[in-house]
Number of protein chains: 2
Amino acid sequence: MTTMSDVARRAGVARSTVSYTLSGIRPISDEVRDRVHAAMRDLDYSPNALARGLASRRSGIIAMLYPLLERGISLSGRDHIWAAAEEARSAGYNMVLWTTAVDDIDGLGELVQQGLVEGVILMEVRHNDPRVAFLSDAGIPFSEIGRSCIEGVAPFVDTDFDQTAFDALAYLDELGHETVVFVNHPRSTIDSGYGLAVNFQAAMETAAQTLGIELLSIACDTQFRAGYDAFSELAAARPGISAIVSTNERALVGVMEAVRRLGLDVPRDLSVVAMLSSAETAESAIPALTTVSPAPYEMGRTAMASLLECLDSGVRAGAQTLVASQLTVRESTGPVPSRN
Amino acid sequence: MTTMSDVARRAGVARSTVSYTLSGIRPISDEVRDRVHAAMRDLDYSPNALARGLASRRSGIIAMLYPLLERGISLSGRDHIWAAAEEARSAGYNMVLWTTAVDDIDGLGELVQQGLVEGVILMEVRHNDPRVAFLSDAGIPFSEIGRSCIEGVAPFVDTDFDQTAFDALAYLDELGHETVVFVNHPRSTIDSGYGLAVNFQAAMETAAQTLGIELLSIACDTQFRAGYDAFSELAAARPGISAIVSTNERALVGVMEAVRRLGLDVPRDLSVVAMLSSAETAESAIPALTTVSPAPYEMGRTAMASLLECLDSGVRAGAQTLVASQLTVRESTGPVPSRN
DNA sequence: CTGTTAGCGCATTCAT
DNA sequence: ATGAATGCGCTAACAG
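What counts and how
- Residues numbered from 1 in each chain as written.
- Chains lettered and ligands numbered in written order.
- Predicted model: local features only at pLDDT ≥ 70, side-chain atom pairs only at ≥ 80, totals over all residues.
- Heavy atoms only, no water.
- Helix = DSSP H or I, 4+ residues; strand = E, 2+ residues; numbered from the N terminus.
- Rg over C-alpha atoms; globule rule 2.2 N^0.38 Å.
- Buried < 20%, exposed > 50% of the residue type's maximum accessible area, 1.4 Å probe, protein only.
- Areas by Shrake-Rupley, 256 points an atom, 1.4 Å probe, with all protein chains shown as cover.
- Lys, Arg positive; Asp, Glu negative; His and termini not counted.
- Charge placed at Lys NZ, Arg CZ, Asp CG, Glu CD.
- Contact = heavy atoms within 4.5 Å.
- Buried area = accessible area lost by both parts, 1.4 Å probe.
- Salt bridge = Lys/Arg side-chain N within 4 Å of Asp/Glu carboxyl O.
- Near = heavy atom within 4 Å.
- Polar contact = N/O pair within 3.5 Å; in protein donor to acceptor, adjacent residues only side chain to side chain.
- Nonpolar A, V, L, I, M, F, W, Y, C, P; charged D, E, K, R; others polar.
- Least-squares fit on C-alpha atoms with pLDDT ≥ 70 in both.
- Pairing = 2+ DSSP bridges.
- Axes fitted to C-alpha atoms, helices over the stretch in contact; angles between N-to-C directions.
- 1 Å grid on protein atoms, 1.4 Å probe; cavity = no way out; pocket = protein on both sides within 12 Å on 5 of 7 lines; lining within 4 Å.
- Points joined across faces, edges and corners; volume = space filled by probe spheres on them.
- Parallel < 35°, antiparallel > 145°, perpendicular 65-115°, else oblique.
- Left-handed = near helix turned anticlockwise from the far one by under 90°.

J.: An account of the overall build of chain A is requested, with residue identities and associated values reported.
T.: Along the backbone of chain A there are 14 helices and 12 strands. Rg of the C-alpha trace for chain A: 26 Å, well past the compact-globule value of 20 Å for 340 residues, more than 25% over. Buried residues in chain A amount to 54% of all 340 residues. Surface summary for chain A: the accessible area is close to 14,500 Å², and the carbon and sulfur share equals 49%. Taking the average location of the 27 positive side-chain charges in chain A and that of its 43 negative ones, the two points are 8 Å from each other.

Here it is, written out as structure tokens:
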């Protein structure tokens, strides 16, 4: 391992000069800078992160806390991660992923007390999220993707659920649909305070009321069969349903299978709007799904940017950003069928 | 931030005594130990990881390199991560997830030169994986989940593809099936050297030959529609196909839809064996899928254990473990239909 | 513009 | 069984 002293010796300068060449926080003559760079290259020098962190009290590491829930890391989760990691890197930080559970506060405590991470990004934020209270108390800079009930202690970025729900329902309203079925995540997920399940439910209800649409909400396990069963049941109880909105992708596949088994056709008899971010998934379905899609990449980027700003400024609270979803009309929606 | 000196002062002992009570590598009297522990508790002390790492030259951090590929992090990926992280933690290490791309060797270099990580676990190992050569040259301890063509430089753990393929085909053979369609990942994935795609293809061919089964392999994009189209085409060209094996879950859903559209029934007319690890997925399909399932948890645990052993012993090479898959018969397989 | 020096918080080698 | 002293590799005053 080659150290800064080695570089200094070879370049014929003081250690601090090498340090300052690296950080650039004080002027260095071109000649010296070149000599130092040459020495670093010759010796294949690369600074020791631990030593740098210890001396500067800044580790350069941001942790993204991504609890591995039962649904695994979804496609949109991948985009969040990527975007945040890229944003971090372009600012000279490294991002690591920590998979401690939401309620493993001891684990979080250990992690954070060790002084390894400068800041934290929270994924899968729940309405009543113990991590938010803990980090806030501990004074660790953090930002949230999603939103907890404790506001003002940190920046967050979340999907604009109101806009999303309104756009989806307004579109169906234009097509003449008067009753819409909303397929949500299961009761247990809603109760645990999962943002998408809770906030989108509320947003759908508000939007339906505004538009004068009748909303039938069903909570459904994230499984093919659960969707299949739920829709079969509902269709028997309420024949003539003409539109579905769903955030529950796996259940939706089952719903659509049930629709087929009933001899119905999408979009002729039934319109489907899915809330999901992967265009690939939407387009590989038959028929291709009309979607309202959140913008995970934008969200990840923004969450990291807000956090880095907190680190720079020393201010804890920060930007509260809502990111709009986009409606993309594909083949799964059409005008309400005429009643004969 | 409270330091070791604070603890020492409060306990009325030397700094080194606190250090030794923490590490336990030299005898401490009960009385002093208690005093030190009390002081630590009172001051809510927790050791600084950067300082400890700098002084001991051991960061206690293992990095799992998990490039985010287009298929995202799958359900089995989640198990690998969980298992490895747990194993690490129980040995006093922390595991972080790094999402640098497979061919981002510069990024890996930076990461590793910084002295932040003591060891590395490679996921998504490709047959010709640049990371293997790099880490091997750099002398960084690592282990692989999957297998590259460079052997003997590090421990690895991989699915026993030969056993897996043989079990699947032998079961179909018993049921009387003489021709089996194998739905693999797309050509591009195979060409990139993705282990599952490459090795399982070879294993299937060998097993088919051994058993005297005719194998029809098709490479298929990981999309519903790709599977749908591929099977529709194949069924037209080769009517009377009675069995399918697939590693490509998303394509398989399309395949089964195509089967239905052709008026065929699973398992009456067609048997389906899926290679996937999630029992949940298998059971939520209609009909529930017969599977050969690899053991991702076991693999993740073993990979981490092997790595930690390398760290302890200082030896680079290590255990080469093949983990068996398990055949679980559900509702998607049955005897070959009689030809009239 | 550059050099000198004092820590950052801890592990570890000598002493005793 | 305990204490004192040195240094891990680097940053950031402080001097010039």
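J.: Give a description of the interface of chain A and chain B that names residues and reports values.
T.: Across the contact, 53 residues belong to chain A and 52 residues belong to chain B. Buried surface at the junction of chain A and chain B, both sides included, amounts to about 4,700 Å², of which 55% is carbon and sulfur. Ranking the residues of chain A by area buried against chain B places L50, R225 and I286 of chain A at the top, with a combined share of 13%. Applying the counting criterion to the chain A and chain B interface returns 4 salt bridges.

J.: Any details on the protein's contact with DNA strand D? Residues and values, ideally.
T.: Close to DNA strand D lie 30 residues, the nearest being M4 and Y45 of chain A together with P27, S29 and R57 of chain B. Looking at DNA strand D alone, sugar and phosphate atoms form 54% of those within 4 Å of the protein. Between DNA strand D and the protein, one listed contact pairs a base nitrogen with a side-chain N or O atom of R15 of chain A at 2.9 Å. Taking R57 of chain B, its side chain carries an N or O atom lying 2.4 Å from a phosphate oxygen of DNA strand D. The residue makeup of the surface near DNA strand D, split by class, is 15 nonpolar, 9 polar and 6 charged.

J.: Which residues make up the relation of the copies chain A and chain B, and what values go with them?
T.: Note on the identical chains: chain A maps onto chain B by a rotation of 180° and an axial translation of 0.1 Å, with an RMSD of 0.1 Å. In the structure described here, the two chain copies are related by an operation that fits a two-fold rotation axis.

J.: If you had to explain the sheet that holds strand β6 (residues 179–184) of chain B to someone new, which residues and values would you point to?
T.: Residue and element names in this part refer to chain B. Pairing in this open sheet of 6 strands is mixed, and the strands run β7-β6-β8-β9-β10-β12 from one edge to the other. Sheet topology places β7 (214–219) and β12 (326–328) at the edges, where each strand pairs with a single neighbour. Geometrically, the sheet is characterised by an average inter-axis angle of 20° between neighbouring strands, direction not taken into account. Where helix α8 (residues 161–174) meets the sheet, its contacts fall on β6, β8 (243–246), β9 (271–275), β10 (290–293) and β12, and the angle it forms with β9 comes to roughly 165°.

J.: Before we move on, can you summarise empty space enclosed by the protein with the specific residues and values?
T.: Applying the stated rule across the entire model yields 4 cavities of 30 Å³ or more. Within this model, the second largest cavity holds a volume of roughly 60 Å³. Every residue lining the second largest cavity is listed: I61, V96, W98 and L116 of chain A together with I61, V96, W98, L116 and V117 of chain B. Among the elements of the structure, β2 (94–98) of chain A together with β2 (94–98) of chain B are those that each provide at least two residues to the lining of the second largest cavity.

J.: Quick rundown of the layout of surface pockets? Include the residues and the values.
T.: Residues and elements named next belong to chain A. Taken as a whole, the second largest pocket holds about 1,300 Å³ of empty space. With 5 residues, the single largest contributor to the lining of the second largest pocket is helix α4 (residues 49–56). Each residue belonging to the lining of the second largest pocket can be placed in one class, and the counts come to 14 nonpolar, 14 polar and 8 charged.

J.: An account of the packing of helix α1 (residues 4–11) of chain A against helix α3 (residues 30–43) of chain A is requested, with residue identities and associated values reported.
T.: Residues and elements named next belong to chain A. Packing of α1 against α3 brings their axes to within 9 Å, and their N-to-C directions diverge by 125°. By the angle between their axes, α1 is oblique relative to α3. The handedness of the crossing between α1 and α3 comes out as right-handed. Only R35, V36, A39, M40, D42 and L43 of α3 make contact with α1, whose side of the interface consists of D6, V7, R10 and A11. Here the residues of the contact of α1 with α3 sort into 6 nonpolar, no polar and 4 charged.

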